[in-house]
Amino acid sequence: MEKKTVALGVTGSIAAYKAAQLCSNLHKKGYDVHVLMTRNATELVAPLTFETLSGNRVSVDTFDRNFEWNVQHVSLAKRAGVFVVAPATANLIAKMACGLCDDMLTTTLLAARCEKIVCPAMNTGMYDNPATQQNLEILRERGVQIVEPGSGLLACGDTGKGRLADLEDIEEAVAAALSDKPLQGLRVTVTAGGTREALDPVRFITNHSSGKMGYALARMARYMGAEVTLISANCALRAPYGVRVIPVVSAAEMCEEVLKSAETADILIKAAAPADYRPAQYAPEKIKKSEGPLLLPLERTADILSAVCARKRPGQVICGFSMETENLIENSTRKLHQKGCDMIVANSLRTEGAGFGTDTNIATLITRGGAEELPLMQKEDLARQILLKLCGMRP
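Enquirer: Explain the overall build of the chain here, please?
Expert: Secondary structure assignment for the chain yields 14 helices and 21 strands. Taking the principal axes of its C-alpha atoms as reference, the chain extends roughly 80 × 50 × 40 Å. Classification of the 395 residues of the chain by burial places 50% in the buried group. Residue pairs in contact within the chain that sit at least 24 positions apart in sequence constitute 66% of those at least 6 positions apart. As displayed, the chain offers around 19200 Å² of accessible surface, 50% of which is attributable to carbon and sulfur atoms. Between the averaged position of the 45 positive side-chain charges in the chain and that of its 44 negative side-chain charges there is a distance of 2 Å.

Printed below as a string of structure tokens:
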């Protein structure tokens, strides 16, 4: 399969050293990375560094006679699937906004028609300056994606916004830009994680769900072009870039947010593991340990999947998950019909490679048309299969 080409622009921000790691990460993921540097950037990181990491010659000088003649900037501009500038200085952003091109980087940027991603990194005063903000707004209006900088202690000693975004966020933005978009224009809601049902201020009932499958679904839905909402219960995972995350704790909170989100969602995927039971009474003070056994009365929590299926809109597709220890197909098929959803993703806790907290999964997709068994795969690969299946079920 032909490698996808990434043009990586590096400018004279002190964060240029981070671009070397970004280049390495993208290359290791199988992209054909071509680096273009400004003259100022070469004062901070040598071009040889990027050439070693990418395996390609670095472009700096528009009139470099050592290149094979084929109008270098036009050639790369046509070939690139995405153009990412990381770090992007205030100067580069201003040039882009005005359409100026006075070196190889800006010339290629102006010629490129692919999606562009700009990752600002500069002093907080420069970033907050109205001129910079206006230039960024101009780029947004033209369809340029801005990966917002982080806040913290900057190299200049100031504290504020201006630090280059996390490389993982930039890499996800690149992956999304290079992905096909079968979900373009659709709203997808995903739930993830295990809820906590409080017994007292110290203790709670929960389960082993890590949220990895739900997060993989949310990330992949975003790659595939959807507007994604992730309702996340107690997950120690990094939020997928570009996804709206709504944190919840209990099953009651999750039910409330799911019903609200379902009003506009085209596809709703219940990958979370909400508790089926909660303590019948909450103790406002810590329950003290005693010599005798503790009797803990429980009551049922809301059946979120049933509740949302009862309100299902025409054209809406709803998917549930089923974790079983026995009779996988039989139990999951019964759940499909009882809840009234369109598909159940069933997996067995007894199967090696599936279950809680793993990076892989083995699933069976159950619809009213039958069951489709899938092999062991990474959760993000499974997420894509699930999303394509659900997309195909829409009218």
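Enquirer: Just to check I follow, could you spell out the nonpolar core for this structure?
Expert: Within soluble globular proteins, side chains that are nonpolar generally end up buried alongside one another. In terms of nonpolar packing, the biggest core is built from 73 residues, with Phe50, Ile170, Leu217, Ile269 and Ile386 touching the most fellow members. With near-sequence residues (within four places) excluded, Ile170 lies in contact with Leu22, Val84, Ala86, Cys119, Val147, Leu164 and Ala165. Ala7, Leu105, Leu109 and Tyr127 belong to the second largest nonpolar core, which has 25 residues in total.

Enquirer: Would you explain the sheet that holds strand 3 (residues 82–88) in this entry?
Expert: What links the strands of a sheet is backbone hydrogen bonding, and the strands pair in either a parallel or an antiparallel sense. An order of 2-1-3-4-5 is seen for the 5 strands of this open sheet, with the pairing classed as parallel. Each edge of the open sheet is held by one strand with a lone partner, namely strand 2 (32–37) and strand 5 (145–146). In this structure, strand 1 (residues 5–10) lies alongside strand 3, joined through 4 bridges in parallel fashion. Each bridged residue has a counterpart across the sheet, and for Gly9 the counterpart in strand 3 is Val85.

Enquirer: Any chance you could explain the packing of aromatic side chains here in plain terms?
Expert: The description of an aromatic ring pair uses the distance of the two centres, along with the angle that the planes make with each other. Scanning the model with the defined rule gives 0 aromatic pairs in all. The ring of Tyr277 carries the charged tip of Arg300 above its face, separated from the ring centre by 5.5 Å.

Enquirer: How do you make sense of the side chain of Thr132 when you look at a structure like this?
Expert: By secondary structure assignment, the location of Thr132 is in helix 8 (residues 130–141). The residues contacting Thr132, other than those within four sequence positions of it, are Ala90, Met122, Met126 and Tyr127.

Enquirer: Which parts of the structure should I look at to understand unusual backbone geometry?
Expert: When glycine is set aside, most residues are seen to have a negative phi, and most peptide bonds are trans. Ala86 connects to Pro87 through a cis peptide bond whose omega is 0°. The residue Pro87 is located in strand 3 in this model. Despite not being glycine, Asn234 has its phi angle at roughly 55°, a positive value. Structurally, the position occupied by Asn234 is in the loop between strand 11 (227–233) and strand 12 (244–248).

Enquirer: What's the story with the sheet that holds strand 8 (residues 187–193) in this structure? I'm lost.
Expert: One open sheet holds the 8 strands; their spatial order is 12-11-8-13-16-17-19-20, and the pairing between them is mixed. Of all the strands in the sheet, the pair left with one neighbour each is strand 12 and strand 20 (370–373). Strand-to-strand twist in this sheet, taken as the mean axis angle between neighbours without regard to direction, amounts to 20°. Pairing between strand 11 and strand 12: 5 bridges, direction parallel.

Enquirer: Which parts of the structure should I look at to understand the pattern of salt bridges?
Expert: Between side chains of opposite charge, a pair can form when the charged atoms approach closely. Applying the stated rule across the entire model yields 21 salt bridges. Salt-bridge contacts for Arg140 lead to Glu148; the nearest nitrogen and oxygen are separated by 2.6 Å. Overall, Arg140 belongs to the partly exposed group, its relative accessible area being 30%. With a relative accessible area of 32%, Glu148 lands in the partly exposed category. Among the ionic pairs, Glu172 bridges to Arg219, the shortest N-O distance being 2.7 Å.

Enquirer: Would you take a moment to explain helix 13 (residues 328–339) for this structure?
Expert: Residue pairs three or four apart in sequence face the same way in an α-helix, which turns once every 3.6 residues. The end-to-end C-alpha separation of helix 13 is 16 Å, in line with the 16 Å expected for 12 residues at 1.5 Å each. Asn331, Ser332, Leu336 and Lys339 are the residues of helix 13 that are buried. Seen from one end, helix 13 has its buried residues packed into an arc of 145°, which puts them on one side. Of the residues in helix 13, the exposed ones pointing more than 90 degrees away from the buried face are His337 and Gln338.

Quick notes on the rules
Residues numbered from 1 in each chain as written. Predicted model: local features only at pLDDT ≥ 70, side-chain atom pairs only at ≥ 80, totals over all residues. Heavy atoms only, no water. Helix = DSSP H or I, 4+ residues; strand = E, 2+ residues; numbered from the N terminus. Buried < 20%, exposed > 50% of the residue type's maximum accessible area, 1.4 Å probe, protein only. Contact = heavy atoms within 4.5 Å. Areas by Shrake-Rupley, 256 points an atom, 1.4 Å probe, with all protein chains shown as cover. Lys, Arg positive; Asp, Glu negative; His and termini not counted. Charge placed at Lys NZ, Arg CZ, Asp CG, Glu CD. Core = buried A, V, L, I, M, F, W, Y, C linked by side-chain atoms within 4.5 Å. Pairing = 2+ DSSP bridges. Phe/Tyr/Trp six-rings, centres within 6.5 Å; stacked < 30°, edge-to-face > 60°. Lys NZ or Arg CZ within 6 Å of the ring centre and 35° of its normal. Axes fitted to C-alpha atoms, helices over the stretch in contact; angles between N-to-C directions. Salt bridge = Lys/Arg side-chain N within 4 Å of Asp/Glu carboxyl O. Expected span 1.5 Å × (residues − 1). Arc of directions from axis to C-beta.

Coordinates in, geometry out; function isn't part of it.
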